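The residues making up each chain are set out below.
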Amino acid sequence: MSMNLDPTIFDSLNARQLTPFQIAQSFIPPEGFFELVKRNSNILIGPRGSGKTTLLKMLQLPALLTWQHERSDEITRNIDYISAFVSTDRAWESQWLMIDSLQVHPNIQTHIKKAIFTAHTLRQVIEAFKFCTTDYLLEHSNLSKFHIHLSKQDEAILVKEIADFLLLKVDIPSFDFVMLQLKKRLSIIGEFIYKNLHKVEVIDEKEIGTFIYFDFMHSITTVIEILNSSFADKNQKWALLFDELEIAPADIRKELFNFLRSTDDQRIIFKLSISPYAQDLNLSNTSGSYAGHDYVPINLTYSRKERARPFCEGLFNQMCRFYGLEHLSAGKVFGISEFDRGNEEKGKEQSAYGLNSALYSRFKSLAEKDKSFRNYLERKNINLEQMESMTEKERASKVRKVTNLVCIRDTFLNEKQGIRTVKKTKLYTGFKTLFDITEGNPRLFLAIVGPLLKKYVHTGRPISDSDQADIVTIAIDRFRALLSTIPAPDGYPQKMGASLISLIDYIGESFQKNILREDFNADPATSFTVDNNTHEKIKELLGMALNAGAIIYIHESEETPLLDSLNGKKFRLSHLLAPYFRLPLIVNKSQNLSTILGVASESEIQSPKGQGSFTFD
Amino acid sequence: MLTFNNNSPYENTREKHFDILISALGYESRCVHIAQTLNGNYSYGFCLEFPDRKVLAYSDNKAIYESLHFRFELWNNFLNQSKLLAFINEVLESISVEQKILSIAVDISSMNRKMVAELFYILNNHMWNTHIIEVSILYAPAIYTEPEPEILAMKNVGPVIQEYSGWFTNPSDPLYAVIGLGYENGKAIGALEYLDAASAWLLKPLGKDKQFEDQVIKENNDLIAMVGENKVLTYNLSDPYDTFIKIRSLTEGLIKNGRIVFLPFGPKLFNAICIITTHLYDGNIAVWRVSAGEEEKPVDHKANGDIIGFTYRLNEAAFSELDEKK
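None of these values were measured; they are calculated from a predicted model.

Conventions adopted
Residues numbered from 1 in each chain as written. Chains lettered and ligands numbered in written order. Predicted model: local features only at pLDDT ≥ 70, side-chain atom pairs only at ≥ 80, totals over all residues. Heavy atoms only, no water. Helix = DSSP H or I, 4+ residues; strand = E, 2+ residues; numbered from the N terminus. Rg over C-alpha atoms; globule rule 2.2 N^0.38 Å. Buried < 20%, exposed > 50% of the residue type's maximum accessible area, 1.4 Å probe, protein only. Contact = heavy atoms within 4.5 Å. Areas by Shrake-Rupley, 256 points an atom, 1.4 Å probe, with all protein chains shown as cover. Lys, Arg positive; Asp, Glu negative; His and termini not counted. Charge placed at Lys NZ, Arg CZ, Asp CG, Glu CD. Expected span 1.5 Å × (residues − 1). Bend = angle between axes of the 7 residues up to and from the residue. Core = buried A, V, L, I, M, F, W, Y, C linked by side-chain atoms within 4.5 Å. Pairing = 2+ DSSP bridges. Right-handed = clockwise from strand over helix to strand, strands pointing away. Axes fitted to C-alpha atoms, helices over the stretch in contact; angles between N-to-C directions. Parallel < 35°, antiparallel > 145°, perpendicular 65-115°, else oblique. Left-handed = near helix turned anticlockwise from the far one by under 90°. Buried area = accessible area lost by both parts, 1.4 Å probe. Salt bridge = Lys/Arg side-chain N within 4 Å of Asp/Glu carboxyl O. Polar contact = N/O pair within 3.5 Å; in protein donor to acceptor, adjacent residues only side chain to side chain. Nonpolar A, V, L, I, M, F, W, Y, C, P; charged D, E, K, R; others polar. pLDDT = per-residue confidence, 0-100. Phe/Tyr/Trp six-rings, centres within 6.5 Å; stacked < 30°, edge-to-face > 60°.

Participant: Would you take a moment to explain the overall build of chain B for this structure?
Facilitator: Check the secondary structure of chain B and you find ten helices and 13 strands. Relative to the 2.2 N^0.38 estimate, which gives 20 Å for 326 residues, the radius of gyration of chain B is 19 Å and therefore close to what a compact globule would have. Taking the principal axes of the C-alpha coordinates as reference, chain B spans close to 55 × 50 × 35 Å. Out of the 326 residues belonging to chain B, those deemed buried represent 58%. Taking as baseline every contact in chain B between residues at least 6 positions apart, the subset at least 24 positions apart corresponds to 85%. Within the structure as shown, chain B displays about 13,200 Å² of accessible surface, and the carbon and sulfur contribution to it stands at 48%. Mean positive and mean negative side-chain charge positions of chain B (29 and 42 charges, respectively) differ by 1 Å.

As C-alpha cells, this is what we get:
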C-alpha cells in the first residue's frame, strides 16, 4: 500500500495552478467530457469548482499526451483539432473595471477591451502552435499527426507574415518574439490607462496604436490561416477554449456567443465555459445561438444527488489508485450514512428494521418525544415494532421516504419539542452522504474526501464520524466565507439584509422551520420557485448565488441549464449547506420564494407538478 | 522613485521633526495619540475628517485637533488631490531655501484602507521637482479588543482603489495571493476563495499582545491548514523595515512567473507597507480590500502607547544626481 503523504496533485487550490500535464495525471472524465471532445462548439455550464477549467485544459495537446485512461486511445485517435486555452479570472476582471473609468468615448473603451482579449487569445494560439513543433508529439502514435517540423527559415517566414498582418515590429524572427510584442501591446495599453486616469499628460487614444481597432475574429482567423500553411492539412481545425466567460466583459461574451451561430469558418470551433446564470445573454432572442443547433451544451451540475454519484465514485476510485489502493470501497473508509441505513442493509441477514436496528431506535426515539410524529404513524398505520414484517413497497413509501426527516428531527428535537444545541453530529457522515454533500463538484470533493482518504492511507483505519463531521464543517465555513464576500447589488431591499449570505440564510431557515419547528410533515418544502412577486434585485442576487453554487437549478433532464432569467424556475440549496441548516438531502415540494421571504400575505405550497395548492393539515 | 533609509531604519520616531503631520479624525481614541504625543515635533497638521459615524471619541478628538491647529479636509470617500497638494505646496513655500528635504509624517492609525491608498498614491506619484520628500508612516497600535464573532457580509471586494488594480500583461500567469492575516472571522479565507488564486502565502503578525496573536491563529486555522504551514511567514509589527524586506523578497520571487495580489488584512501598517511595495513594481501588483463598510460596528480602539514608524524618500535619486553634477 502506498503511503504517499506528500502534497499531491489533489491538494492544489484549483485547476488554474496545474499545468495540462498535471491535470492529465489525475483526470477522471465525467460523461460530459466525451461530448466535449467531439468536433462541435460547446458551452460548458457549471458553478465554480464544477470542473470547467479542468475539462477545457484537458483538450490541450500537452494534457492529451499525458492522459492514461481506458478511452484515451479512442479519444486521441479521433480528435482532429488543436486547442488554444484562453483563461480569465477575478484579478483580470478588475482591469476591465478600470477601463470603464477611462475618460474616453465608450466605443474606445470597448475597442481597448477587445484589443486586450485579442492579444491574449493570439498568444494562446501561437503557444498551442509552438507545442506542435516540439518532439513530444512524436512519442504518441495518435497525436503525432499534429506534429510539424519547422525549420528556422520556415519559422521566420511565418513570423514575418503574422507580424505584417498584426503590424508588429519583430526584430528577431521567432514566435517567442511575437509573443513578447503582443505582451508589449498590453503594456502600451496599461500605460495609456495610467496616463488617462491620472491626467499625467494628455494622450489621445490614437497614440496607443491602430491595433486597438483590429477585429477580434478576423485577427484570430487570419493568424490561424497563416499557421495552417505549415500543416499538411491546410484546413487544420482549431478549437478556441474560453474559460469563465461570466468574468469576461459583456461585449466579448456576447460576441463569442454570436460566433457560435456563425458558420462561416469551419476550421474553428468554440468551447466556452460559463456559470449557469448570465443576465445579458438574451437566450430567448431568436437571432441568437441555439442549443443543439449551433452548439451542444454540457451541464456540469446535478440537480439530483443520484446523478452525481457515479462521478463521485469514479473520482474516489481514481484517488484510491493514486495511493495504490485498488478496489477499496468507500463504505469501508467512511461507513454507511444514517440516512441510507435502510437502503444499504437491504437483503442482509440482520434486518435494518428489526427491534435491534439503529433505524428502529431512531423512529422509536422520535415517537416518544414528538406527538405530531406519533400522529403520522397512526395515520399511516405504521407499527414500529412490526416494520420488519412490512412489505418492501410499504417500507419504501412509509418508512424509507421519511427516514431523512426522522433522523433530523430525532437528532435536533428535545423532549419538549424545542431545538437542541448539538455541537457536532454524526448525522451527515457516511460515504453516500459525504458524496452527496459534494454535489459531484470536483473541487469540493477533493476538499472533503481528499484529506480523509489521506488520513485513511496513513492510519489504515476507517475514518471516524467525528473526523468526517469536522471536515464537512470546515468546508461549510469556507463556503460561507466565500458567500460573505459577495455583496448585494445596489438597490437591494435593505430589510433582507445586505448580502448573499443573508438571503441564503433566510431560505435555509425557512426550510429548517418546515422540518424542525412545525409539526412532522412527510413532504415538507425543500425547494423554492422564483415567482413574479420576487423583487428584481433579489433575483439578481440569486443569480450570483447560482453561479457560486449556493443554490442549484432543478431542471428537466433535456433542458439546458443556462439561464438569463430566473422567473418561474425552481431551485434548491446546495447539499453542502444541509448540515448547517439541518436539512435533509432530498428534493421535495417547492415553495414560492416571495412567500419564504415574507412578501406574500399567506402561505401557499405547490406540489412538484404544480397541481393546485394546499395548506398544511 | 522611492528610496529607503537604509542607513538608519530604526531611528526613534519620537525624536524626529516633521514639517507636516497628516492624520484622520474619526471615532477612535487613538486618533489623536500621535498628534498629541508628538506635539511640538511637527510644524503643520492636516486632518482628513470622516463625515459620518460621529460617535464614541469623535467630538473629543475634533476638539483636540482644533486645539492643535490642524487644518481640516472633509473625506467624502475620496481625497481631494488638489487641496492636499496645495497645502503641501504652501508648506514648501514657507520653509527655508536651504532645506532640501520636506518631511511628511502620515498617521495611518485611524485611517481606513481607501484613505491610506489614495493618500500614498497621490504622494508617491506626484512630480516633486523642488525637494526631496521624506514620508514617514506612523502607526499607533491599539490595545487588544475582541473581534466580532460572526462573519460579516462584505460590501467591498476588489482593488482598494482602481489605481491599485494591478496591470497584468499575461492573464495566463498563475495568480498568487499574498495575505496579511488579521483576526476578523472568515475574511481572509473568503477573499482567497473569491479570488480563486493558484496559490497563497500568509503573513502572520507578531506583536506585543499575545491575545492578538492567539486570536489571529484561531481565526485563520482553516486557512493555514488549506494553504500549508510552509507558506506561512511571520512578521514583527514593531519592525516595519524588516517586514518590508520580507514582503519585498517574497514579491521578487513570485513576480518572476506570476501575478500578485496583496490582501493586506490585519494591522494597517502591514497594509501601508504593501502599498509602498507596489510602487517599486510599476503598478504591476494589485492591492485588494475586503470590507463590510457600514456593517462594521464602530469600536473605540485605544492606543497602547507605542508609535511605530517606517520612512522612505521620494525623488532622492534625482537630487543625488544633481548634487553629483554640481
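Resuming the write-up.
Participant: Any chance you could explain the overall build of chain A here in plain terms?
Facilitator: For chain A, the count of helices and strands is 24 helices and eleven strands. For chain A, the share of sequence-separated contacts (at least 6 apart) that also reach a separation of at least 24 residues comes to 72%. Taken as a whole, chain A presents about 26,400 Å² of accessible surface, with 47% of it coming from carbon and sulfur.

Participant: Before we go on, may I ask you to explain helix α19 (residues 442-459) of chain A in this structure?
Facilitator: Given 3.6 residues to a turn, an α-helix orients residues that are three or four positions apart in the same direction. Residues and elements named next belong to chain A. Along its 18 residues, α19 runs 25 Å from first to last C-alpha, staying within 8% of the 26 Å computed at 1.5 Å per residue. At V449, α19 shows its maximal bend, which comes to roughly 35 degrees, and the proline P451 appears one to four places after that position. Buried within α19 we find P442, L444, F445, I448, V449, G450, L452, L453, K454, Y456 and V457. Phi for G460, located one or two positions after α19, is positive at around 75 degrees.

Participant: Just checking my understanding: could you explain the nonpolar core for this structure?
Facilitator: Soluble globular proteins tend to bury their nonpolar side chains together. Counting 132 residues, the largest nonpolar core has F316, F334 and F528 of chain A together with I179 of chain B as its most contacted members. If sequence neighbours within four positions are ignored, I179 of chain B has contacts with A188, L192, A200, W201, L202, L203, L263 and F265 of chain B. The next biggest cluster of nonpolar side chains, apart from the first, holds 101 residues, and it includes I162, L168, A239 and F270 of chain A.

Participant: Would you explain the pairing of strand β5 (residues 101-107) of chain B in this entry?
Facilitator: Here is the key point about a regular strand: its side chains alternate between the two faces of the sheet. Residues and elements named next belong to chain B. By the criterion of burial, β5 is predominantly enclosed, with six of the seven residues buried. Of the strand pairs in this sheet, strand β2 (residues 18-25) and β5 are connected by three bridges, and their pairing is parallel. Within the sheet, the bridge partner assigned to L21 lies in β5 and is A105. Sheet topology places β5 next to strand β6 (residues 132-139); seven bridges connect them, and they run parallel. Bridge pairing in β6 links D107 to L138. Taken together, β5, helix α4 (residues 113-125) and β6 form a β-α-β motif whose crossover is right-handed.

Participant: What should I look at first to understand α4 of chain B in this one?
Facilitator: Taking 1.5 Å per residue, 13 residues should reach 18 Å; α4 of chain B reaches 18 Å between its end C-alpha atoms and fits that length. All buried positions along α4 of chain B are accounted for by K114, M115, V116, A117, E118, L119, F120, Y121, I122, L123 and N124 of chain B.

Participant: Explain the environment of V116 of chain B here, please?
Facilitator: All names here are of chain B. Its place among the elements puts V116 in helix α4. For the pair V116 and S59, spaced 57 residues apart in sequence, the C-alpha separation works out to 22 Å. Not counting residues up to four positions away in its chain, the partners in contact with V116 are I108, M111, N271, A272 and I275.

Participant: Help me understand the sheet that holds strand β12 (residues 285-291) of chain B in this model?
Facilitator: Whether parallel or antiparallel, the strands of a sheet pair through hydrogen bonds between backbone atoms. All names here are of chain B. The sheet built from six strands is open, its strands ordered β7-β12-β11-β8-β9-β10 with mixed pairing. In the strand order of this sheet, the two ends are held by β7 (156-159) and β10 (232-236), each with one partner. The sheet shows a mean angle of 20 degrees between the axes of neighbouring strands, taken without regard to direction. Pairing of strand β11 (residues 259-264) with β12 involves three bridges; the strand directions are parallel. In the sheet register, I260 faces β12, and the bridge partner there is I285. On top of the sheet, helix α9 (residues 268-278) reaches β8 (175-180), β9 (199-206), β10, β11 and β12; it is set at about 155 degrees to β11, its chief contact.

Participant: Looking at this structure, how should I read the packing of helix α8 (residues 152-166) of chain A against helix α10 (residues 216-228) of chain A?
Facilitator: Working note: a packed helix pair is described by the angle between its axes plus the distance between those axes. Residues and elements named next belong to chain A. In the contact formed by α8 and α10, the axes pass within 10 Å of each other and the chain directions differ by 160 degrees. What the angle tells us is that α8 and α10 run roughly antiparallel. Our pair here, α8 against α10, has a crossing hand that is right-handed. Along the contact surface, α8 presents L158, E161, I162, F165 and L166, while α10 presents H218, S219, T222, V223, I226 and L227.

Participant: Is there a simple way to think about the environment of A278 of chain A in this case?
Facilitator: All names here are of chain A. Looking at the secondary structure, you find A278 in the loop between β4 (268-274) and β5 (296-299). Looking at A278, the relative accessible area reads 6%, which means it is buried. When the C-alpha atoms of A278 and D564 are compared, they prove to be 5.1 Å apart, with 286 residues separating the residues in sequence. If we ignore the near neighbours within four places in the chain, the residues touching A278 are L563 and D564.

Participant: Help me understand the interface of chain A and chain B, please; the structure alone is not making it clear to me.
Facilitator: Interfaces are often sized by the accessible area lost when the parts come together. If you look at the interface, chain A gives 41 residues, while chain B gives 38 residues. In total, about 3,500 Å² of surface goes out of reach between chain A and chain B, with carbon and sulfur atoms giving 56% of it. Across the chain A-chain B interface, the total number found is five salt bridges. The residue R48 of chain A makes a salt bridge to E193 of chain B at a minimum N-O spacing of 3.3 Å. Inspection of the region where chain A meets chain B yields eleven residue pairs in polar contact (both at pLDDT 80 or more). When residues of the side of chain A that touches chain B are traced back to their parent elements, those giving at least two are α6 (90-100), α7 (106-132), α9 (175-198) and α20 (465-484) of chain A. The element that contributes the greatest number of residues to the side of chain A that touches chain B is α9 of chain A, accounting for nine residues. For the side of chain A that touches chain B, the residue count by class is 18 nonpolar, 14 polar and nine charged.

Participant: Sorry if this is basic, but what is going on with the confidence of the model for chain A here?
Facilitator: Regions with low pLDDT carry predicted coordinates that are not meant to be interpreted in detail. Averaged over every residue, the pLDDT of chain A is 86; the share at 70 or more is 88%. Note that residues 600-617 of chain A has pLDDT below 50 and, in this model, 25 contacts with residues that lie over four places away or in other chains.

Participant: When you look at the side chain of Q95 of chain A in this model, what are you seeing that I'm missing?
Facilitator: Within the fold, Q95 of chain A resides in helix α6. On the accessibility criterion, Q95 of chain A (1% relative accessible area) is buried. At 2.6 Å, the side chain of Q95 of chain A forms a polar contact with the backbone nitrogen of F168 of chain B. Every residue in contact with Q95 of chain A, bar those within four places of it in the chain, is listed here: G166, W167 and F168 of chain B.

Participant: Looking at this structure, I do not really get the confidence of the model for chain B. What am I missing?
Facilitator: Residue-level pLDDT values for chain B average 88, and 92% of them are 70 or greater. Our summary of model confidence lists the complex with pTM equal to 0.88 and ipTM equal to 0.85.

Participant: Please explain the side chain of D370 of chain A as it appears in this structure.
Facilitator: Residue and element names in this part refer to chain A. If you trace the backbone, D370 turns up in the loop between α15 (358-369) and α16 (371-379). Judged by its relative accessible area of 0%, D370 is buried. Looking at D370, its side chain comes within polar contact range of the side chain of R409, at 2.8 Å. Leaving out residues up to four positions away in the same chain, D370 has contacts with R409, L413, Q417 and F520.

Participant: Looking at this model, I keep getting lost on the packing of aromatic side chains. Mind explaining?
Facilitator: The geometry of an aromatic ring pair is captured by the separation of the ring centres together with the interplanar angle, meaning the angle of the planes. All names here are of chain A. One pass over the full model with this rule turns up 43 aromatic pairs over all chains. Aromatic pair W92 and W96: ring centres 4.8 Å apart, planes at 55 degrees, arrangement tilted. You can see W92 and its partner W96 sitting in helix α6, four residues apart, about one turn around the helix. The pair W92 / W96 is uniform in exposure class, with both members buried.

Participant: Sorry if this is basic, but what is going on with the environment of A63 of chain A here?
Facilitator: Residues and elements named next belong to chain A. Secondary-structure assignment places A63 in helix α4 (residues 61-66). With 75 residues separating them in the primary sequence, A63 and L138 have C-alpha atoms 15 Å apart. In contact with A63, other than residues within four places in its own chain, are P20, A24, K57 and M58.

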